[in-house]
Structures are given as structure tokens and as C-alpha cells.
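# A structural walkthrough
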Amino acid sequence: MSRRPILLSLLDGKGRIFLAVLAVATAAIVLSNLALPETSALHVPTYAVSLMGKYLCYGLLALALDLVWGYCGILSLGHGAFFALGGYAMGMYLMRQIGARGVYANPVLPDFMVFLNWQELPWYWWGFSSFPFALLMVVVVPGLLAFLFGWLAFRSRVTGVYLSIITQAMTFALMLAFFRNDMGFGGNNGLTDFKDLLGFNVQAQGMRVTLFALSAAALAVGYLVARVMVTSTYGKVLVAIRDAESRARFLGYRVERYKLVAFTVSAMMAGIAGALYVPQVGIINPSEFAPANSIEAVIWVAVGGRGTLVGAALGAVVVSFAKTWLTGALPEIWLFALGALFVVVTLYLPKGIVGTLEGRLMRRKPAPTQPQADGALPQTAAE
């Protein structure tokens, strides 16, 4: 059997629609930006391309969270930490590329280290002048943290609200640590003033479009990876753990191992999202660790539809777009609007946008007819 039918068999209707819309929209935006003149009404400006690329990174983060919350029942309030760690790994590479073009013209030390009178580059910055090493750290650092955290938490059978609290405590602790100047990550200001990525200007139009296209590709690949996981036998065990963990444990499944794999893979996906996010926004600082960011990611998933994958990405894009518009028009009411949105979704759309639409479509489908014996009259729905 060829690989393509196997891949297509893993996708349901909404998955095919999601990937098709993502591909068409990405191609249309890229062509509109590069091929159409700025005077055209259909031209998408470069700043809007970067903004939409940021939304796609949020979509990948939401998808990663849905993998563990929607299918494993792990409500993580710390996924913003994995996102930020991936972003810092990419930011460290971008800082090393500045070299002698910084304010202090030091070919080795970033400007903030020169300002703080650092004499040599810390050991944990070694290797970040290499792009392959930086890419490796983008997935290794968040994945390793998730593995160690999950190994301790799941072996101790920490679940429910207690697990959510300690994940939030983890990201809050990291935020406080990264705010310190002596940590060597830029303190409150973080890492910024990026210039080059693989020798290309990060501010150039072509690089902005390329990063947007890479964000779309990462979202598509992330969806396929998550879809493979949840449709496999492994995914069925995850759902069983979500619905009745004690029964799954009683049947002999090593529950902590299943949770640990899902949690680690999810953290790696979040790290990739953060790495793509940083060169598009031009900065990474400790505010990305803020617990509010992780809570906002939970709202994205809830709005789009927990346990749907597609809905998580959709919720991230929709809520982020609403945030951009509302903070520009009425910045003082955004937090109130976000809280009201979460309450409304919880009360009236508990399955989210995609989950609710799926339920309605299922109810509209005609019930399958039962085979009738010879000479028997067909039964009606009223009977």
C-alpha cells in the first residue's frame, strides 16, 4: 500500500478541510505580498504577513496543548514555559549572529553582557552560533524539562487541579528566574535587536514571507503528528486514561508512561512554535513565561473545541485576531472581554466552536436503516 492512502486514511473530513484551507490561504497570502503591487487592494502588507505568522505560531501552541488536555486530560497551565524556552533558544542563536554589529561592537558577547560587565560568554551559550545546534536545543530544552517534570509528577500520581497548579508554579518560577540579570538571558529586557537569520536580514520582506510559510508548514506537520498519535492504539489508550485513569491502570497499562510521552511531545511542539515566533516579533523576554499567557492558551483550546485538534488551532487564530483588534480599539476592556468569552463558551459552547458544529452535523445525518426480513414492513422513526 502506498504512503499517501495511509496518510489520507488518518485524516477525517475536518482535517482535510483544515489542511486544504491552510495551504490555499498560505499560498494566497504569499503571492499577494510578493506578486501584487502595494497600490493593489488585494496586496497583503509585510507587517500583516508577520502578524498572521504569529497567529499560526499560537495555533501550533494551542494544538500542542490540546494533545495533552483534549486527549489525555492533562490541563497544563504551564505550556507558555515550553513556548518561551523554544523562543529563547532561537533568540540566543539570533543574538550570536549580531557579532561586532552590536552597540558595543563586541564580536563574542551580546550587548547586554557587555553592559553588565560580563567578561566571558557563559557555558550555556556555547554552540548557539551554530544553527543546527540551536534547532536541536529548540526541541531538546522544552522536551527535557517536560520529561523531568512529567516523570516526577506522573510517577507521584499528581492529577487534576493539583497538576494544573504545579504546572503554573513551574512557569511562574521560570519567569522570576529569567527576570534576573545574573541568569545571562538579558533580564527584564530579554533578547532583541536581531539582524540576521542564516545570513538573511530578518526584517527583509522575503524573510518575513518565508517565516510565515514555515509557520504554516509547522502547523500542518504538527497537526499530522498529533493526528497520527491520537488515531493510533496509543491514542485510544490516552483517551481511556482521560476518561477513567484508574480503570486503565487496573487493566495493566503503565499510565505514567503514556502521559509522559504525550506531555514531552507536546512540549517539543510548543518549543518549535516559540522558535518560529521570536524572529517574527523581534523580541523574547521573561513576560512570555507569564502564567496569564498559559491561561490564555487554555482559553484558545476551549473556544475552538477541546479534543478536536483543528478547533484548538482555530480558537488560537480567532481569539488572537480579536485581541489584536480590541486592544487597538478599546485596550482597557480586553481582559474583561477575554474573561467573558471564557464564561460564555463554558456555559453555552462547552464543546467549543468545532465540537458544537460537529455535534450538529452528526444529528442532521440520517440514521442508518436496519435490514428488514423478507415480507416485513419497514419501521418508521416514530415507531
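Overview of the structure. Since the model is a prediction, treat every value here as computed from it, not as a measurement. (Residues numbered from 1 in each chain as written. Predicted model: local features only at pLDDT ≥ 70, side-chain atom pairs only at ≥ 80, totals over all residues. Heavy atoms only, no water.)

## Focus on the overall build of the protein chain
In terms of regular secondary structure, the protein chain is built from 15 helices and four strands. For 383 residues, the compact-globule estimate of 2.2 N^0.38 gives 21 Å, and the C-alpha radius of gyration of the protein chain, at 23 Å, lies within 12% of that figure. The dimensions of the protein chain, computed from C-alpha atoms along their principal axes, are 95 × 60 × 50 Å. For the protein chain, the residues scored as buried account for 46% of the 383 residues in total. (Helix = DSSP H or I, 4+ residues; strand = E, 2+ residues; numbered from the N terminus. Rg over C-alpha atoms; globule rule 2.2 N^0.38 Å. Buried < 20%, exposed > 50% of the residue type's maximum accessible area, 1.4 Å probe, protein only.)

## Remarks on the layout of surface pockets
Each pocket or cavity is described by its volume, and for the largest pocket that value is around 700 Å³. As for the largest pocket, its lining consists of 25 residues, of which Ile17, Phe18, Val21, Val310 and Leu314 are closest to the centre. Examining the composition of the lining of the largest pocket, we find that nine residues originate from one element, helix H2 (residues 13-35), more than from any other. Here the residues of the lining of the largest pocket are counted per class, giving 19 nonpolar, two polar and four charged. (1 Å grid on protein atoms, 1.4 Å probe; cavity = no way out; pocket = protein on both sides within 12 Å on 5 of 7 lines; lining within 4 Å. Points joined across faces, edges and corners; volume = space filled by probe spheres on them. Nonpolar A, V, L, I, M, F, W, Y, C, P; charged D, E, K, R; others polar.)

## Brief notes about the nonpolar core
Trp125, Leu191 and Phe289 are the most contacted members of the largest nonpolar core, which totals 106 residues. Those residues in contact with Leu191 that lie beyond four places of it in its chain are Tyr88, Gly91, Met92, Met95, Phe112, Trp125, Phe185, Gly186, Gly282, Ile283 and Ile284. (Core = buried A, V, L, I, M, F, W, Y, C linked by side-chain atoms within 4.5 Å. Contact = heavy atoms within 4.5 Å.)

## Focus: the pattern of salt bridges
Within this structure, the stated rule accounts for nine salt bridges. The salt bridge involving Arg180 is made with Asp182; its shortest N-O contact spans 2.8 Å. Judged by its relative accessible area of 47%, Arg180 is partly exposed. Its salt-bridge partner being Asp243, residue Arg242 comes within 2.9 Å of it at the nearest N-O pair. The class for Arg242 is partly exposed, based on a relative accessible area of 31%. Salt bridges here are not isolated pairs; linked through shared partners, they connect Glu245, Arg249, Arg254, Glu256 and Lys259. (Salt bridge = Lys/Arg side-chain N within 4 Å of Asp/Glu carboxyl O.)

## Thoughts on helix H15 (residues 352-364)
Since the α-helix advances by 3.6 residues per turn, residues separated by three or four positions end up pointing in the same direction. The terminal C-alpha atoms of H15 lie 18 Å apart, and with 13 residues this matches the ideal 18 Å at 1.5 Å per residue to within 8%. Taken as a whole, H15 has its buried residues at Gly352, Val354, Gly355, Thr356 and Gly359. Packing partners of the buried residues in H15 comprise H2, helix H12 (291-304) and helix H13 (310-329). (Expected span 1.5 Å × (residues − 1).)

## Regarding unusual backbone geometry
Phi is positive for Ala105, which is not a glycine, with a value near 55°. Note that Ala105 resides in the loop between helix H4 (79-96) and helix H5 (111-115). Despite not being glycine, Leu309 has its phi angle at roughly 65°, a positive value.

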